[in-house]
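Chain by chain, the residues run as shown.
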Amino acid sequence: MRRAALPAALAAALLLAPPGAGAVGNPADMLPDPAQEARARAIGRELRCLVCQNESIEDSNADLARDLRLLVRERIRAGDSDAEVIAFLRARYGDFVLLRPPFTAATAALWLSPALALAGGVLAIWLVRRRGGAAPAAPAPLSPEEQARLAALEGEARR
Amino acid sequence: MIGEAGHFALALGFVLSLALSVLPLWGAARGDAALTEAARPLAHGALLAVASAFGFLVSAYVANDTTVLSVVQNSHSLKPLLYKITGVWGNHEGSMLLWVLILALCAASVAAFGGNLPSAFRARVLAVLGWVLAGFLAFILLTSNPFERVWPPPPDGQGLNPLLQDIGLAIHPPLLYVGYVGTAITYAFAVAALIEGRVDSAWGRWVRPWAVASWSFLTLGIAVGSWWAYYELGWGGFWFWDPVENASLLPWLAGTALLHSAIVVEKREALKIWSVLLALLAFGLSLLGTFLVRSGVLNSVHAFANDPERGVFILGLLLFYVGGGFLLFALRAPAMAPAGLFAPVSREGALVLNNLLMCSLAAVVFLGTLWPMFADFLFGATVSVGPPFFNTATFPLVVPLFLAMAAGPLMPWKRAALWPAIERLWAAALAGLAGFVVALAIGGWNPLPLFGVAAAVWLIGAAATDIADRAGLGRTSLANAWNRAKGLPRAAWGAAIAHAGVGVCLLGISGMGFASERIAALSPGQAVAIGAYEWRLEGVRDAAGPNWTSRRATLTVLRHGQPYAVMEPERRFFPIGRQTTTEAAIRTNLLRDLYAVMGEEEGGRAVIRVHYKPLAPLIWIGAIVMALGGFLSLSDRRLRVAGGARRRAAAAGAPA
């Protein structure tokens, strides 16, 4: 558990060791109102623990993650909306803190990737089919020999 | 001495695989039967050499030979025997050797079971596998020698990361590697076909068993990994969209696409060029995974080694194999005429849709995984791409997939009408609706998981419809339909079961949406409850294992106030390496999990987190069902007797 408190650089050097035990959390840190606590968790899952490998602050044991968990709860208690809490953290730590990257010039292609991939695929299929359609590859009619064989096979399949 | 013998065996394996990569190609090109046939003994010889190297490394670990650096860094004399053995592949060098061992095993099995392949084609396939084998053996010999000595030897090793001291490490990597390496076989088939300049239905028939086998193992490997993370990491999650998880998902998606398109090649001789491309792509993605895990270019919880020099070497291999494959493809593909026309709405069309969606999914996962790097490189921006992105971005692609997956198998080849296929799915649709209503009644309004349940039941229903339809249920007597169902080809059963497995897995994933959890600091005698279940802390005591000590909580689970079970989560401390792990306690009845984790203790109270996870076990059961479908399909007689009758067999056009 102490491992998580190591400075980021050292933690990165210890890559071989996964973050270890998941955050069990401390009930004392939680908000008394279950609805507010649920909101805090949902927000926490959108935020990255900055010193960890791809963990949300809800999942991480790092001290920084705990600080951020407390910060989120403090903002919620102060009456911030979900968007305001996230904006507050983004202003403080930059886009890196958001596990759901905001739509910007740097992420536009990423966010559009499902549509682009589908559109590209459909376009490719359409082009191939159009070309394939131009070149008639109609199957040659069956020879009597092949027809006999086909009849035999069909008989076999029906059996 | 053992270390040197192992090193020598590796070098021998390298030389044999070099010979394997050259001689049979030469022989096949010149029509020299002796050289062509040399492929088989060379493949067997390479396996023997690599297997002995692996055996030597295992024996060094078992004997705790501290003159071997890899043993010093990853083992310890106090470790239980099982973890001494599995620890062999719990590190970069050893896991690379396991990877190569499995590759050699695959090459040898192509040599042994490929009796129905034409001799020249088999020689070319084996030669391509020889290139891959030689490349990775060179990688091991030059950058990652597992037999490196250390002198003077330290008194004992440094121990293995405690998270890896688990049965999961015994199962997960070998299964996963068989899956990864299986893509090398389909790649070799593709390249061999490109060298010959011919892809026909027989090619589809040869490549499909390997694609199915590789896919089935990959499915199992990913599932075991997910299950391992679920119980070991203590978060109660099953998929984290971690770069390394994504790296295993990418070849799985490509492999799924390939095994579907290979059906079209086999039955209809269409999509030939595309299937070859997919085979190249699947191997490329599997190598990319190897690169990501071992180069340290990405932040991941399970990065192996982060050594740029090794990364560059693997990148070089990746570029060589994939680039070479694509170059060959560019030269040869235009000459391969498409055959087997089909209408957009047809079985072929449905399989094309599968491929479109699978590849789009792969593109999204690929971009999402690498975007932090791209964004930094292209825009100088630091961004994080985490689970919220992947869940949102894959959603619009997964929904049509689940809809189309149900209707596809009901469509006839060449030309179909949409409506009759949909019409036959009324029972599945009703079942899905019923699933929705039941889930709503039990779990309450929670739209996403509810629609997930509906889609899952619909998929299972559609798979049942597929079998019932083929058996002629409703059109013939019950007894007759039963007999026909029994007589259906195993491949048909396999496909239906694998599709149903997707439904089962989806049911489990949807169930996660209804899961609830509580955290409480309990002193002995106090309890925390979710629904009908109550966890009462009896006490916390000390316990000890071979190389750890722990604090173990005893929880009595009450169900409707009656004692139901005892759960004992613990926190383990490993003095060697000074690490703490949480050992979750899980109580399952295969339809739901009770999950308990213990946190820190303070002032006589222990933090306990409990979860109630309805349907969670179905995630992994579903994956096993999928893999079973794959294995069943492999046992199909038509696949086993395949190849020999090249074109003849293809003309049969049997139902699939």
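Nothing here was measured: the structure is a model prediction, and the numbers come from that model. (Residues numbered from 1 in each chain as written. Chains lettered and ligands numbered in written order. Predicted model: local features only at pLDDT ≥ 70, side-chain atom pairs only at ≥ 80, totals over all residues.)

### Here's the deal with the overall build of chain B
Tallying secondary structure elements over chain B gives 22 helices and 10 strands in all. By its C-alpha atoms, chain B is 80 × 75 × 55 Å across when sized along the principal axes. Each of the 656 residues in chain B was classed as buried or not, and the buried ones make up 58%. Sequence separation of 24 or more characterises 74% of the internal contacts of chain B that already satisfy a separation of 6 or more. (Helix = DSSP H or I, 4+ residues; strand = E, 2+ residues; numbered from the N terminus. Buried ≥ 20, exposed ≤ 12 C-beta atoms within 10 Å, placed from the backbone. Contact = placed C-beta atoms within 7 Å.)

### Focus on the overall build of chain A
In terms of helices and strands, chain A carries seven helices and zero strands. Listed N to C, the secondary structure of chain A is α-α-α-α-α-α-α in terms of helices and strands. When each of the 159 residues of chain A is scored for burial, the buried share is 31%. Sequence separation of at least 24 residues holds for 53% of the intrachain contacts in chain A that already meet a minimum separation of 6.

### What about the environment of Phe 54 of chain B?
Residues and elements named next belong to chain B. Note on placement: Phe 54 falls in helix 3 (residues 39-62). Looking at Phe 54, the number of C-beta atoms within 10 Å reads 24, which means it is buried. Sequence separation of Phe 54 and Trp 252 is 198 residues, and the distance between their C-alpha atoms is 27 Å.

### Comments concerning the domain arrangement of chain B
We note that the domain assignment places domain 1 (424-514 + 625-656) and domain 2 (516-614) within chain B. The C-alpha-based centres of domain 1 of chain B and domain 2 of chain B are spaced at 39 Å. (Domains from an automatic or database assignment.)

### Some remarks on unusual backbone geometry
Residues and elements named next belong to chain B. In the segment running from Trp 151 into Pro 152, the intervening peptide bond is cis, with an omega of -5°. Tracing the sequence through the fold places Pro 152 in the loop between helix 7 (119-143) and helix 8 (167-196). At Leu 271, a residue that is not glycine, the phi angle is positive and equals roughly 55°. Assignment of secondary structure puts Leu 271 in the loop between helix 10 (243-268) and helix 11 (272-295). The exposure class assigned to Leu 271 is buried, which follows from the 26 C-beta atoms found within 10 Å. Here Lys 414, not a glycine, exhibits a phi torsion of approximately 70°, which is positive. In this structure, Lys 414 sits in the loop between helix 14 (387-407) and helix 15 (418-423). Exposure remark for Lys 414: the 15 C-beta atoms within 10 Å place this residue in the partly exposed category.

### Quick notes on the sheet that holds strand 8 (residues 585-588) of chain B
Residue and element names in this part refer to chain B. Ordered by their spatial adjacency, four strands build an open sheet running 1-10-9-8, and the pairing between neighbours is antiparallel. Sheet topology places strand 1 (516-522) and strand 8 at the edges, where each strand pairs with a single neighbour. Going from strand to strand, the sheet's axes swing by 15° on average, the running direction of each strand aside. Sheet topology places strand 1 next to strand 10 (residues 605-614); seven bridges connect them, and they run antiparallel. By the bridge assignment for strand 10, Ala 521 is matched with Val 607. (Pairing = 2+ DSSP bridges. Axes fitted to C-alpha atoms, helices over the stretch in contact; angles between N-to-C directions.)

### Looking at the packing of helix 7 of chain B against helix 8 of chain B
Residues and elements named next belong to chain B. Running from N to C, helix 7 and helix 8 point in directions that differ by 125°, and their axes come no closer than 8 Å. Taken together, the axes of helix 7 and helix 8 are oblique relative to one another. The crossing of helix 7 and helix 8 is right-handed. Contacts between helix 7 and helix 8 pair Phe 121, Arg 124, Val 125, Val 128, Leu 129 and Val 132 from the former with Ala 184, Ala 188, Phe 189, Val 191, Ala 192, Ile 195 and Glu 196 from the latter. For the contact of helix 7 with helix 8, a count of residues per class yields 11 nonpolar, no polar and two charged. (Parallel < 35°, antiparallel > 145°, perpendicular 65-115°, else oblique. Left-handed = near helix turned anticlockwise from the far one by under 90°. Nonpolar A, V, L, I, M, F, W, Y, C, P; charged D, E, K, R; others polar.)

### Looking at the pairing of strand 8 of chain B
Bridge count for strand 8 of chain B against strand 9 (residues 592-602) of chain B is four bridges, and the pairing is antiparallel. Looking across to strand 9 of chain B, one finds that Arg 587 of chain B is bridged to Leu 594 of chain B.

### Quick notes on the confidence of the model for chain A
All names here are of chain A. Mean pLDDT over chain A stands at 76; residues scoring 70 or higher make up 73%. The low-confidence segment residues 1-22 (pLDDT under 50) makes 45 contacts with residues lying over four places distant or belonging to another chain. Confidence drops under a pLDDT of 50 for residues 133-138, and excluding neighbours within four residues, the segment shows four contacts in the predicted structure. (pLDDT = per-residue confidence, 0-100.)

### Comments concerning the packing of helix 2 (residues 34-44) of chain A against helix 3 (residues 63-77) of chain A
Residue and element names in this part refer to chain A. Two elements in contact, helix 2 and helix 3, have axes separated by 10 Å at closest approach and are oriented at 130°. Taken together, the axes of helix 2 and helix 3 lie oblique to each other. Pair helix 2 / helix 3 crosses with right-handed handedness. Residues Gln 36, Arg 39, Ala 40, Ile 43 and Gly 44 of helix 2 form the contact with helix 3, whose participating residues are Arg 69, Val 72, Arg 73 and Ile 76. Residue classes in the contact of helix 2 with helix 3 are distributed as four nonpolar, two polar and three charged.

### Observations concerning the confidence of the model for chain B
Residue and element names in this part refer to chain B. On average, residues of chain B score 89 in pLDDT, and 95% of them are at 70 or above. The low-confidence segment residues 641-656 (pLDDT under 50) makes 25 contacts with residues lying over four places distant or belonging to another chain. Predicted complex, confidence summary: ipTM 0.84, pTM 0.89.

### Let's talk about the environment of Leu 315 of chain B
Residues and elements named next belong to chain B. Mapped onto the secondary structure, Leu 315 falls in helix 12 (residues 308-332). Overall, Leu 315 belongs to the partly exposed group, with 16 C-beta atoms counted inside 10 Å. Between the C-alpha atom of Leu 315 and that of Ser 144, which follows or precedes it by 171 residues, the distance is 15 Å.

### Points about helix 14 of chain B
Residues and elements named next belong to chain B. The end-to-end C-alpha distance of helix 14 is 30 Å, a good match for the 30 Å that 21 residues give at a rise of 1.5 Å each. Along helix 14, the sharpest change in direction is near 45° and occurs at Phe 395; proline Pro 396 comes one to four residues later. For helix 14, the full list of buried residues reads Phe 389, Phe 390, Ala 393, Leu 397, Phe 402, Met 405, Ala 406 and Ala 407. (Expected span 1.5 Å × (residues − 1). Bend = angle between axes of the 7 residues up to and from the residue.)

### Section: the nonpolar core
All names here are of chain B. Within the largest apolar cluster, 248 residues are counted, with the highest numbers of intra-cluster contacts made by Val 100, Leu 103, Ala 107, Leu 459 and Ile 608. With sequence-adjacent residues up to four places away left out, Ala 107 is seen in contact with Ala 43, Ala 46, Leu 47, Leu 126, Leu 129 and Leu 133. Ranked by size, the runner-up nonpolar core spans five residues in total, among them Tyr 83, Leu 160, Leu 163 and Leu 169. (Core = buried A, V, L, I, M, F, W, Y, C linked by C-beta atoms within 7 Å.)

### Here's the deal with helix 11 of chain B
Between its terminal C-alpha atoms helix 11 of chain B stretches 34 Å, which fits the 34 Å expected from 24 residues at 1.5 Å a residue. Burial analysis of helix 11 of chain B places 22 of its 24 residues in the buried class, which makes it a mostly covered element.

### Notes on the pairing of strand 9 of chain B
Residues and elements named next belong to chain B. Taking the residues that link successive antiparallel strands as the turn, the strand 8-strand 9 hairpin has three residues, and the phi of Leu 590 there is positive, at about 75°. Direction of pairing for strand 9 relative to strand 10: antiparallel, over a ladder of nine bridges. What sits directly across from Glu 601, in strand 10, is Ala 606. A loop of two residues connects strand 9 with strand 10, the two strands running antiparallel in sequence, and Gly 603 in this loop sits at a positive phi of about 55°.

### Points about the environment of Gly 55 of chain B
Along the chain, the position of Gly 55 of chain B falls in helix 3. Spatially, the C-alpha atom of Gly 55 of chain B lies 9.7 Å from that of Ile 2 of chain B, the residues being 53 residues apart in sequence.

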